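# Breakdown of the fold
Below, each chain spelled out in residue letters.
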Amino acid sequence: MPKSIERALEAALTDRFGFGQILVRKTNDGFVLSHRDDETHDDLQTFRNAGDAVEITKYDDAGNYRPLKTAPNLRHGWRLELATLEELKRALDYFYPGRLAVFVAWKTSQLRTTPLRETLDRQSGMYRIAAKISDQPTNDVVGSFCRSDGGCLRTILWKRDQRGTIASTKLPKEKFDPGYDQVMALGGPGSAAPATATIPLLCQEACNLLVAECRKVVTGARAR
C-alpha cells in the first residue's frame, strides 16, 4: 500500500493540487504545502519537517483542539517545505489520517463501504444504544454533522442502510460526488476557484464522532 500511495501522489502531481484545505505545490526543491486560503500570503511561519504537520493540524485558529481532522477548520498562517515524495506522503497522512490509503483503495476498486446501520449495530458498551436511533433523527444528524460547510470535508460513499438509502436527504448531491471539491462549499479565499487538481477526502464508513452524535440523540430522547 505505501508504494501504491506514492504512485497515486505522483499521478496527482502536476504543478499543484488540493487535498482538503491544503494546497500542495511542486517546486524545484521539492514540495510546498500551505492552507489554500494562504496561497498569496508571504508572512507565513515556515516549517521543514513532515512531523511538524502533527502540531499544525492539532488546533484551529482560535486555539481549540480539533478532534475531527477532516473538519473544515484547519488553522492558517503556516508553510511546510518538504524535499521528497516520502515526506509529502507522511505529512499528508498527519493532516488527514488514512485518507490517502482510502483514496488509493477507491481508485483501484478495492474500497469496501459500510452502511451506517451496520456501523451502529456493531457498537458495544456505552455506544451500543446508538443503534436504536430511528430514521428521521438519523437523517437530521447526518445532515448536520457531516455537512461540508462547518462539519466535515469528507465525501460520503456509504449508505444509511443495506437497502441503499441515501445517508441524508439534507445534504446536497455534491456531498456524495468524489469529483466535487468539498472546499468549494466553504466560501473562503481558497474556494474562489478550484485547485488545478484535487484528491478527495473519501468517507467509507461513519466515524466514531458521528456514532457518538447518534448516541446523544437516543439518550437525549430517553431523558425527555
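Refer to the preceding data block for the structure.
A brief report on the enclosed structure follows. Numbering of residues starts from 1 in every chain and runs along the sequence as written. Since the coordinates come from a predicted model, pLDDT governs what is reported: local features require at least 70, and pairs of side-chain atoms require 80 or more to be given and counted, while whole-chain, interface and lining totals use all residues. Based on all heavy atoms of the structure, the side-chain values leave hydrogens and waters out of the count.

## Observations concerning the overall build of the chain
Spelled out, the test is: Here a helix means four or more residues in a row that DSSP labels H or I, a strand means two or more in a row labelled E, and each is numbered from the N terminus. Relative accessibility under 20% of the residue-type maximum defines a buried residue, over 50% an exposed one, and the middle range a partly exposed one, all with a 1.4 Å probe and only protein chains included.
The helix and strand inventory of the chain stands at seven helices and eight strands. Across the 224 residues in the chain, those meeting the buried criterion constitute 46%.

## Description of the pairing of strand β3 (residues 30-35)
So the rule is basically this: Two strands qualify as a pair provided that DSSP identifies no fewer than 2 bridges between them.
Burial of β3 is extensive: six of the six residues sit out of reach of the surface. Relative to β3, strand β2 (residues 22-27) is paired through six bridges, and the arrangement is antiparallel. Its bridge partner lying in β3, Thr27 is registered against Gly30. In textbook terms, the turn of a hairpin is the stretch between consecutive antiparallel strands, and for β2 and β3 this stretch comprises two residues.

## As for the nonpolar core
We apply this condition: In these notes, a set of buried Ala, Val, Leu, Ile, Met, Phe, Trp, Tyr and Cys residues joined through side-chain atoms within 4.5 Å is what counts as a nonpolar core.
Phe19, Ile22, Leu33, Trp78, Leu80, Leu92 and Phe95 are the most contacted members of the largest nonpolar core, which totals 29 residues. Here the element with the most residues in this core is helix α3 (residues 85-95); it accounts for five residues.

## Observations regarding unusual backbone geometry
Unlike most non-glycine residues, Ser109 shows phi in positive territory, near 60°. Within the secondary structure layout, Ser109 lies in the loop between α4 (99-107) and α5 (116-121).

## Brief notes about the packing of aromatic side chains
Worth spelling out the cut-off: Between the rings of Phe, Tyr and Trp (Trp by its six-membered ring), a pair exists once the centres lie within 6.5 Å; its type follows the angle of the planes, with under 30 degrees stacked, over 60 edge-to-face, and the other angles tilted. Our definition puts a charge over a ring when NZ of Lys or CZ of Arg is within 6 Å of the ring centre and also within 35 degrees of the ring normal.
The full count for this structure, using the stated rule, is four aromatic pairs. For the ring pair Trp78 and Phe95, a centre distance of 5.2 Å and an interplane angle of 25° mean the geometry is stacked. Highlighted residues: Trp78 in strand β5 (residues 78-82) and Phe95 in helix α3, separated in sequence by 17 residues. On the numbers, 6.1 Å between centres and 40° between planes, the contact of Phe103 with Trp106 is tilted. In this pair, Phe103 and Trp106 are both assigned in helix α4, three residues apart and thus about one turn of the helix distant. Over the ring of Tyr127 we find Arg215; its NZ or CZ atom is 5.9 Å from the centre of that ring.

## Concerning the pattern of salt bridges
The condition that has to hold: A pairing counts as a salt bridge when a side-chain nitrogen of Lys or Arg comes within 4 Å of a carboxyl oxygen of Asp or Glu.
Scanning all chains against the criterion turns up 14 salt bridges. The salt bridge involving Arg36 is made with Asp181; its shortest N-O contact spans 2.6 Å. Separated by 145 residues along the polypeptide, Arg36 in the loop between β3 and β4 (45-47) and Asp181 in the loop between β6 (155-156) and β7 (198-199) bring together distant segments of the chain. Across the pair, Asp181 and Arg36 agree in class, each one buried. The salt bridge involving Glu213 is made with Lys216; its shortest N-O contact spans 3.2 Å. You can see Glu213 and its partner Lys216 sitting in helix α7 (residues 208-223), three residues apart, about one turn around the helix. Classification of Glu213 as partly exposed rests on a relative accessible area of 25%. A relative accessible area of 51% means that Lys216 is categorised as exposed.

Function cannot be inferred from these measures alone, as they are strictly geometric.
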